[in-house]
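Structure assessment
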Amino acid sequence: DGGITQSPKYLFRKEGQNVTLSCEQNLNHDAMYWYRQDPGQGLRLIYYSQIVNDFQKGDIAEGYSVSREKKESFPLTVTSAQKNPTAFYLCASRSGTGGNTIYFGEGSWLTVV
Amino acid sequence: AQSVTQPDIHITVSEGASLELRCNYSYGATPYLFWYVQSPGQGLQLLLKYFSGDTLVQGIKGFEAEFKRSQSSFNLRKPSVHWSDAAEYFCAVKGGGADGLTFGKGTHLIIQP
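The model shown is predicted, which means the values in this text are computed figures rather than measured ones. (Residues numbered from 1 in each chain as written. Chains lettered and ligands numbered in written order. Predicted model: local features only at pLDDT ≥ 70, side-chain atom pairs only at ≥ 80, totals over all residues. Heavy atoms only, no water.)

By a widespread convention, an interface's size corresponds to the accessible area lost as its parts come together. The interface is formed by 21 residues belonging to chain B together with 21 residues belonging to chain A. Of the roughly 1,700 Å² buried between chain B and chain A, counting both surfaces, carbon and sulfur atoms make up 56%. Summed over the shared surface of chain B and chain A, the result is six residue pairs in polar contact (both at pLDDT 80 or more). Of all the elements in the fold, those that place two or more residues in the side of chain B that touches chain A are β5 (32–38), β6 (44–50) and β10 (87–94) of chain B. (Contact = heavy atoms within 4.5 Å. Buried area = accessible area lost by both parts, 1.4 Å probe. Polar contact = N/O pair within 3.5 Å; in protein donor to acceptor, adjacent residues only side chain to side chain. Helix = DSSP H or I, 4+ residues; strand = E, 2+ residues; numbered from the N terminus.)

Given below as structure tokens:
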């Protein structure tokens, strides 16, 4: 089935460790996004990428890093510099050929203890 | 910069009653508008979208929304709610380009038996 796959669904890490969240899509979409969701805050954009080997900071990029080496993959690394990393992370994608609809994966829960 | 306001944090509706969720946006040009629904711990599912044309748009699960430019609103409606509609609902706006969606903070819908 076509879609966006995020893994792992649940992740626990100790404070000070870097963690990487995976996002893979088989929709042949050009643009990919990472959002963070906190209770009562809605969704906030971390990073986005319009094409391979290119990405841009969103509204809350500090403490995060991404790469886009392949069209179908857009992993997010939560670094130890992120002061409050515990959150629900959502990956999304959009077709580049005139499409304006953004589709979401099922999300990943990150808990830092 | 664009913004979205969902004035109601929580709404409680009896099963079978009608529903209207409010959304107001701020954007300088004609926006692309979306409603998404999120069940607990899940990703976001697209309910409907408005790009242009008919200002009353139909979506999945019996939902509809009306774009009113004069009021900068895009309210979501359903004539008769079901218990399975209990979820978090997000309104979002997208401008041109690939810089993602701007979300409201969401409305939590509770269905009373």
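Attention now moves to the state of the cysteines. Residue and element names in this part refer to chain A. Applying the stated rule across the entire model yields two disulfides over all chains. Each disulfide pairs two cysteine sulfurs, and for Cys 23 the partner residue is Cys 91, the sulfurs being separated by 1.9 Å. Residues Cys 23 and Cys 91 are joined by a disulfide whose S-S torsion is about -75°; by sign, that bridge is left-handed. Placement of Cys 23 in strand β3 (residues 19–25) and of Cys 91 in strand β9 (residues 87–94) is noted, with a sequence separation of 68 residues between them. (Disulfide = S-S within 2.5 Å.)

Moving on: the environment of Ala31(A). Residue and element names in this part refer to chain A. One can find Ala 31 in strand β4 (residues 31–38). On the basis of relative accessibility, which here comes to 1%, the residue Ala 31 falls in the buried class. Separated by 40 residues in the primary sequence, Ala 31 and Lys 71 place their C-alpha atoms 8.6 Å from one another. Setting aside residues no more than four positions away along its own chain, Ala 31 makes contact with Ser 49, Gln 50, Ala 92, Ser 93 and Arg 94. (Buried < 20%, exposed > 50% of the residue type's maximum accessible area, 1.4 Å probe, protein only.)

Our focus in this paragraph is a nonpolar patch on the surface. Judged by side-chain polarity, Tyr10(A), Phe12(A), Trp109(A) and Val113(A) come together as a nonpolar surface patch covering roughly 480 Å² of accessible area. Examined against the element boundaries, Val113(A) turns out to sit in the segment after β11 (108–112). (Patch = residues over 30% accessible without salt bridge, like charges linked within 9 Å, V, L, I, M, F, W, Y side chains within 5 Å. Areas by Shrake-Rupley, 256 points an atom, 1.4 Å probe, with all protein chains shown as cover. Salt bridge = Lys/Arg side-chain N within 4 Å of Asp/Glu carboxyl O.)

Attention now moves to unusual backbone geometry. All names here are of chain A. Of the consecutive residues Ser 7 and Pro 8, the connecting peptide bond is found in the cis state with omega at -10°. With respect to the helices, strands and loops of the structure, Pro 8 is situated in the loop between β1 (4–7) and β2 (10–13). Even without being glycine, Asn 28 reaches a positive phi, approximately 60°. Its identity as a non-glycine residue notwithstanding, Asn 53 has a phi of 65°, on the positive side. Summarising the element assignment, Asn 53 is placed in the loop between β5 (42–49) and β6 (56–57). The class for Asn 53 is exposed, based on a relative accessible area of 62%.

Attention shifts here to the pairing of strand β8 (residues 64–68) of chain B. Residues in a regular strand point their side chains to alternate faces of the sheet. Residues and elements named next belong to chain B. In this structure, strand β7 (residues 56–58) lies alongside β8, joined through three bridges in antiparallel fashion. Across the sheet, Leu 56 pairs through a bridge with Glu 66, a residue of β8. In this structure, the hairpin formed by β7 and β8 is closed by a connection of five residues, where Lys 61 is found at a positive phi of approximately 60°. Note: β8 against strand β9 (residues 73–78), five bridges, orientation antiparallel. Bridging from a neighbouring strand, Ala 65 pairs with Leu 76 of β9. Connecting the antiparallel pair β8 and β9 is a turn made up of four residues, with Ser 72 showing a positive phi of about 50°. (Pairing = 2+ DSSP bridges.)

This brings us to the pattern of salt bridges. All names here are of chain B. Counted under the stated rule, the structure contains seven salt bridges over all chains. With a closest N to O distance of 3.3 Å, Glu 66 and Arg 77 form a salt bridge. On the criterion of sequence distance, the pair formed by Glu 66 in strand β8 and Arg 77 in strand β9 is long-range, its members being eleven residues apart. Overall, the relative accessible area of 24% leaves Glu 66 in the partly exposed class.

This paragraph deals with the sheet that holds strand β8 (residues 76–78) of chain A. Residues and elements named next belong to chain A. The four strands lie next to each other as β1-β3-β8-β7, forming an open sheet whose pairing is antiparallel. Pairing within the sheet leaves two strands with one partner each, and these edge strands are β1 and β7 (64–66). In this sheet, adjacent strand axes meet at a mean angle of 20° when their direction is disregarded. Pairing analysis gives four bridges linking β1 to β3, with the strands arranged antiparallel. Its bridge partner being in β3, Thr 5 is matched across the sheet by Glu 24. (Axes fitted to C-alpha atoms, helices over the stretch in contact; angles between N-to-C directions.)

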